[in-house]
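Coordinates in review
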Amino acid sequence: MSVIAESWVWRITGRAGRLLLLGALAFWWGAYVLPHLVSLAFPTLLPPWNTTLGRLNASNEGTIANSVSAATLAGVTLLVVATAVINHRRSAGWMAVGGWAAIALTTAAVTFEELAEFKKYGPVAVVGHAERLGLPWPVLVSPLVVAFVLVMWVFIRQGPGAREARAPLTLGITCWVFALLHEAIDPWVFYGRARAVGLVLEETLEFSGTLLIGLSAALVVQGGRPPPYRLFGDQSRTSIVGSVAAVVLLGGLAVAFLFRPPLVEALAPYTRAEAFGVSLQRHEALVQELRMPATPLHSVRLRLANCDPGGPSGTVAVRFTTLDAPDRLLSRGSIQVPAGDCPRWRDIELLPPLTVAEGTKLALQVAADIESGSELRIGATKGDRYPDGRLWINGTLAWPDQNLEFVAYGAPEPTRAKLAAMVDLAATDWRWLLLAADVFIALTLITVIPVRLADAALSPGRRMNVT
């Protein structure tokens, strides 16, 4: 790369880079994060699935937000490639050149995934393989993620080419890892309206990590010049404390009004080794025995499949009765399963909510309604994942260690029963405490990062002339 070309790269990362950074921050947090949070808090004021928010759903390919994310990734990829070339020209060593080259390959792959649905339809088809194994796709690629993190750890310790670049690069990689973690836990934790929180967290962590990686590359391009960006300056402590306080307040409100505690569950492990499917034809049914928990049940989650793309759509109906009086209907719900819909978790709301006495022996009936000759598959599990009840398949008792694979949830509204259920979860399962810590860290990151990036972009104009 010639001296003139390197000078132009430096200029782009200076004044023009600050403008692009401020524009990205304004769009993402002003047009994506804020509207979705407002819609979540006030759905009647801003419906979540109206035309505007539909175009701003960063999880869907082809939307405005997804295009902005992909364009940002592409721009950062070019900048990282230029950084690797500049390091090579400066004889910075194989570690600096190789580290930035590895980051360039990673950002290029993520860009392709954003644009071409690489995970689902690309040559690797990660999502397809993960669905066949019953795993979230980040779990399947976790060995590659661990290898990448180890390479980045060595690279950052040896020196990316500028001392000031270490902090944003480390934080950027951390954001990417947290984004993958949230995508892995999303099917199990973020439910109903709270699912929007999980999507916003995941996409914003990925976007934040991209901006931070681009910032670190820009700092390396500066060479020996005074750094135009100061991510952690003298005023950073105030913004971090304020962000943590905002997360505690808003996060507490989100948990109080959106989180649904799982009250009864029978889940196969992530390996899916104990999971299987039961095929039901028209008017066939499963019956799972269970005991009523202390808290009313408001919904049930089942793993359903109707994989034939040329077949008809079907309906799965659930009914709750008591074992003593199977004809007495206590609660019911149903959901349509379209053709071509391979195994996925479906949430079925119960009307009315189930509010019988604690310990009552219940029967959860799951029936299929589909055209003759077709079938629906209902997820089940071995290993006696729910020892308090037996499974019946079309009137025949299943093996003693077999159960329906299901989760029953309480209400999202803040009630005393919900609080008691949350306390019980925290006391009996350490994973929920770990999850709470993880979400708190993620929320803090996506609150602190835009404040510090905006300050970094505005500070050079007040303190120094970078051109």
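Residues numbered from 1 in each chain as written. Predicted model: local features only at pLDDT ≥ 70, side-chain atom pairs only at ≥ 80, totals over all residues. Heavy atoms only, no water.

To continue, consider the nonpolar core. One finds Trp 28, Leu 205, Leu 211 and Leu 453 to be the most contacted residues of the largest nonpolar core, which totals 35 residues. Elements that contribute at least two residues to this core include exactly helix H1 (3–41), helix H9 (166–189), helix H10 (195–221) and helix H13 (430–463). Core analysis: the next-biggest nonpolar cluster, separate from the first, contains 34 residues, Leu 302, Leu 304, Val 337 and Leu 404 among them. (Core = buried A, V, L, I, M, F, W, Y, C linked by side-chain atoms within 4.5 Å. Buried < 20%, exposed > 50% of the residue type's maximum accessible area, 1.4 Å probe, protein only. Helix = DSSP H or I, 4+ residues; strand = E, 2+ residues; numbered from the N terminus.)

Looking at chain direction, strand E3 (residues 285–291) and strand E8 (residues 361–369) are connected through 7 bridges and run antiparallel. Across the sheet, the residue bridging to Leu 286 is Val 366, located in E8. In this structure, E3 lies alongside strand E10 (residues 391–393), joined through 3 bridges in antiparallel fashion. Residue pairing for E10: Gln 288 is matched across the bridge by Leu 391. (Pairing = 2+ DSSP bridges.)

The next subject is the environment of Leu 199. Mapping Leu 199 onto the fold places it in helix H10. Considering only alpha carbons, one finds Leu 199 and Ala 179, 20 residues apart in sequence, at a separation of 9.5 Å. Once residues within four sequence positions are removed from consideration, Leu 199 is found in contact with Tyr 32 and Ser 59. (Contact = heavy atoms within 4.5 Å.)

With respect to the helices and strands, Val 146 occurs in helix H8 (residues 142–158). Counting along the chain gives 31 residues from Val 146 to Val 177, while the straight-line C-alpha distance between them is 9.4 Å.

Here we take up the confidence of the model for the protein chain. Chain-level pLDDT for the protein chain is 79 on average; 79% of the residues reach the 70-or-more range. In the predicted structure, residues 1–6 sits below a pLDDT of 50 and forms 11 contacts with residues beyond four places in sequence or in another chain. Counting interchain partners and residues more than four positions distant, the pLDDT-below-50 stretch residues 461–467 has 15 contacts. (pLDDT = per-residue confidence, 0-100.)

Taken together, the side chains of Leu 249, Leu 250, Leu 253 and Phe 257 present a nonpolar region at the surface, about 420 Å² in accessible area. Relative to the elements of secondary structure, Leu 249 occurs in helix H11 (residues 236–258). (Patch = residues over 30% accessible without salt bridge, like charges linked within 9 Å, V, L, I, M, F, W, Y side chains within 5 Å. Areas by Shrake-Rupley, 256 points an atom, 1.4 Å probe, with all protein chains shown as cover. Salt bridge = Lys/Arg side-chain N within 4 Å of Asp/Glu carboxyl O.)

All right, on to the packing of aromatic side chains then. Tallying each qualifying case throughout the model produces 5 aromatic pairs. Ring centres 4.6 Å apart and planes at 50 degrees place the aromatic pair Trp 28 and Tyr 32 in the tilted group. Of the two residues, Trp 28 and Tyr 32 are both situated in helix H1; the distance of 4 residues between them amounts to about one turn of the helix. Take Trp 28: its relative accessible area is 0%, and that puts it in the buried class. (Phe/Tyr/Trp six-rings, centres within 6.5 Å; stacked < 30°, edge-to-face > 60°.)

Turning our eyes to something else, we now look at H8. Between its terminal C-alpha atoms H8 stretches 24 Å, which fits the 24 Å expected from 17 residues at 1.5 Å a residue. Among the residues of H8, those classed as buried are Phe 148, Met 152, Phe 155 and Ile 156. End-on view of H8: buried residues confined to an arc of 90 degrees, all on one side of the axis. Of the residues in H8, the exposed ones pointing more than 90 degrees away from the buried face are Pro 143, Leu 150, Trp 153, Arg 157 and Gln 158. (Expected span 1.5 Å × (residues − 1). Arc of directions from axis to C-beta.)

Within the element layout of this structure, Thr 83 appears in helix H3 (residues 64–89). Residue Thr 83 is classed as buried on the basis of its relative accessible area, which comes to 0%. With residues up to four places along the chain from it excluded, the contact list for Thr 83 reads Trp 100, Ala 217, Val 220 and Val 221.

It is worth spelling out unusual backbone geometry at this point. Residues Leu 351 and Pro 352 are joined by a peptide bond in cis, for which omega reads -10 degrees. Looking at where Pro 352 falls in the secondary structure, it is placed in strand E7 (residues 341–354). Unusually for a residue other than glycine, His 283 sits at a positive phi of about 70 degrees. With respect to the secondary-structure elements, His 283 resides in the loop between strand E2 (275–280) and E3. Its relative accessible area of 60% is what places His 283 among the exposed residues. For Asn 394, which is not a glycine, the phi torsion comes out positive at approximately 50 degrees.

Moving on, we get to H3. Taking 1.5 Å per residue as the helical rise, H3 with its 26 residues ought to reach 38 Å, and the 37 Å between its terminal C-alpha atoms agrees with that figure. In the stretch just after H3, Ser 91 is the one whose phi turns positive, near 55 degrees.

Mapped onto the elements of the fold, Trp 392 is located in strand E10. When its relative accessible area of 27% is taken as the criterion, Trp 392 is described as partly exposed. It is 9.1 Å that separates the C-alpha atoms of Trp 392 and Leu 404, two residues lying 12 residues apart in sequence. Sequence-distant contacts of Trp 392, that is, excluding residues within four places in its chain, are made with Ala 285, Leu 286, Val 287, Glu 289, Leu 397 and Ala 398. Looking at Trp 392, its side chain comes within polar contact range of the side chain of Glu 289, at 2.9 Å. (Polar contact = N/O pair within 3.5 Å; in protein donor to acceptor, adjacent residues only side chain to side chain.)

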